[in-house]
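# Observations on the three-dimensional arrangement
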Amino acid sequence: MRTTVGIIGAGPAGLLLARLLHNAGIDSVVLESRDRAYVERRQRAGILEQGTADVLRAAGAGERMDREGLRHDGIELRFDRTRHRVDFPALTGGRSVMVYAQTEVCKDLIALQLREGGPLLFEAEALAVEDAGTDTPRIRFRHEGREDVLECSYVVGCDGFWGVARKAIPAGLAQVFERTYPFGWLGILADVPPSHDELVYARHERGFALLSMRSPAVSRLYLQVPDGTDPGAWGDEEIWDELERRFETADDWYLRRGPITQKTVTPMRSYVHEPMRHGRLFLAGDAAHIVPPTGAKGLNLAAGDVVTFARALVHRQETGSPELLDAYSQTCLRRVWQAERFSYDMTTLLHRAPGATPFEDRLQLARLERIASSRAAETDLAEAYTGFPIG
């Protein structure tokens, strides 16, 4: 098999890239190790930045998002039993975010790819990227019980932290920057309408809590828990009681309860791999960087990566200049590190570290009070939350 761009991974990054290339008249092949049903039910992010939503619309993948997604014009910060709303459009010149689950983004892009795009092979396991430093990279993969080779002009690794793409970059060329946090998120899905119409980020002396949603009828909520927590160790009523404590306010707000349909624990870490390019191999999404979910940046960073690559490749095809491709890693990393900074700031602002001192507690409250009382501080949060410029 031969193609211009071999894409490893059919998550939102790989699928969006395939769509962008198709619209630009550039052929690609997508290899995905899992089956279609797994990809379409894999629960991950749910917040799309303004720029990500705009890219999906421009790519022809925004119709159902605009019909079924939930536009949010702000978030609420809770601390010391007080409530403060951050108004995104008022602070950013009209920008907002969209609540639309990664599973739904993948469903939309898969349907488009199978109907209009190039080959999308499920249960096609990438085994290795070979000759990445040459002009003729190859992906060795296994599909339908036999090994095959996909010859490419370019390879884009959208295969996550455990994938094979990053392993093809020589260790001597790489730098890794990472931080592991001593807590995680116990997340639940519950069949109950959300208790607030926007996301609520709560800082509490017992730990962080987040109120989110998947739809007008399904709530998504999170509790800060110690790293390594077994989700099965928490009973349903115990979870609701703890959420109620952490979201408590001085007014008459209350938390709606309902049947819990899923419990998971998400570890918290920050990770950046530099460079994001070696020869004609380009890394995108979790293959190159991971952020704690507090800042809602993971999917959006991945989208920014593939938009940057697609623009650079189109520029090469139209002008013959490799300038933008050569600058891919540097261009992406500027945005990546701003997202890492924001995600770290949000995480340390709202989570109580094990063994935190009263001094550290008061600093958190002072930082939150600064956001609530300063338009400049509030604007900085709103601009970062709704999205950094792509490219």
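To be clear, the structure that these remarks concern was listed above.
Nothing here was measured: the structure is a model prediction, and the numbers come from that model. Residue numbers here run from 1 along each chain, matching the order of that chain's written sequence. The predicted origin of the model limits local features to residues at a pLDDT of at least 70 and limits the giving and counting of side-chain atom pairs to 80 or more, whereas totals for whole chains, interfaces and linings rest on all residues. Excluded from the side-chain calculations are hydrogens and water; all other atoms, namely the structure's heavy atoms, are used.

## Considerations on the environment of Leu211
A helix here means a DSSP run of H or I that spans at least four residues, while a strand means a run of E at least two residues long, and both kinds are numbered starting from the N terminus. Its place among the elements puts Leu211 in strand β14 (residues 209–215). Working definition: with a 1.4 Å probe on protein chains only, accessible area under 20% of the residue-type maximum means buried, over 50% means exposed, and in between means partly exposed. The class of Leu211 is buried, set by a relative accessible area of 1%. Spatially, the C-alpha atom of Leu211 lies 6.7 Å from that of Tyr222, the residues being 11 residues apart in sequence.

## So, the nonpolar core
Residue types Ala, Val, Leu, Ile, Met, Phe, Trp, Tyr and Cys, when buried and joined through side-chain atoms within 4.5 Å, form a set referred to as a nonpolar core. Judged by nonpolar contacts, the single largest core of 75 residues is most densely connected at Val5, Leu16 and Phe309. Per element, the largest residue contribution to this core is 10 residues, and it comes from helix α8 (residues 298–319). Sequence-distant contacts of Val5, defined by excluding residues within four places in its chain, comprise Leu21, Ile26, Asp27, Ser28, Val29, Tyr154, Val156, Phe309 and Leu313. In this structure, Ile188, Leu255, Ala296 and Phe388 belong to the second largest nonpolar core, which totals 52 residues. Any pair of residues with heavy atoms lying within 4.5 Å of one another is described as a contacting pair.

## Describing the sheet that holds strand β19 (residues 289–290)
Strand pairing is defined by DSSP finding a minimum of two bridges between the two strands. Taken in spatial order, the eight strands line up as β6-β5-β13-β14-β15-β12-β16-β19 in an open sheet, and their pairing is mixed. Whereas interior strands pair on both sides, the edge strands pair on one side only; in this sheet they are β6 (82–87) and β19. Across two bridges, the pairing between strand β16 (residues 260–274) and β19 is antiparallel. Counted as the bridge partner of Tyr271 is Ile290 from β19. In this analysis, axes come from line fits to C-alpha atoms, helices being fitted only over the stretch in contact, and the angle between any two N-to-C directions falls in the range 0 to 180 degrees. Contacting β5 (74–79), β6 and β13 (199–203), helix α12 (residues 375–386) crosses the sheet at an angle of about 60° to β6.

## Structural notes on the packing of helix α10 (residues 328–350) against helix α11 (residues 358–373)
In contact at an axis separation of 8 Å, α10 and α11 are set at 120° when each is read in the N-to-C sense. Judged on the interaxial angle alone, α11 and α10 are oblique. Where α10 approaches α11, its residues Asp345, Thr348, Leu349 and Leu350 are matched on the opposing element by Gln364, Arg367, Leu368 and Ile371. Classes in brief: Ala, Val, Leu, Ile, Met, Phe, Trp, Tyr, Cys and Pro nonpolar; Asp, Glu, Lys and Arg charged; the others, Gly included, polar. A class-by-class count of the residues in the contact of α10 with α11 yields four nonpolar, two polar and two charged. Roughly parallel means an angle under 35 degrees; roughly antiparallel means over 145; roughly perpendicular covers 65 to 115; every other angle is labelled oblique.

## Looking at the packing of aromatic side chains
Each Phe, Tyr or Trp ring, with Trp reduced to its six-membered ring, pairs with another whose centre is within 6.5 Å; inter-plane angles below 30 degrees give stacked pairs, above 60 give edge-to-face pairs, and intermediate values give tilted ones. Under the defined criterion, the tally for this structure stands at 16 aromatic pairs. Considering the side-chain rings of Tyr201 and Phe208, the 6.2 Å spacing of their centres and the 40° angle between planes classify their relative orientation as tilted. For Tyr201, a relative accessible area of 1% corresponds to the buried category. Seen from their ring centres, Phe342 and Tyr385 are 6.4 Å apart, and the 85° between their planes marks the pair as edge-to-face. A residue pair is termed long-range when its members are at least 10 positions apart, and Phe342 in helix α10 and Tyr385 in helix α12 qualify at 43 residues. By relative accessible area, Phe342 is classed as buried at 3%. Residue Tyr385 is classed as buried on the basis of its relative accessible area of 1%. A network of ring pairs unites the aromatic residues Phe88, Trp185, Tyr201, Phe208, Tyr222, Phe342 and Tyr385 as a single cluster. Put simply, a charge is over a ring when the Lys NZ or the Arg CZ is close to the ring centre, within 6 Å, and near the line of the ring normal, within 35 degrees. The side chain of Arg166 reaches across the aromatic face of Phe161, ending 4.5 Å from its centre. The residue whose ring lies beneath Lys297 is Tyr385, and the NZ or CZ to ring-centre distance is 5.9 Å.

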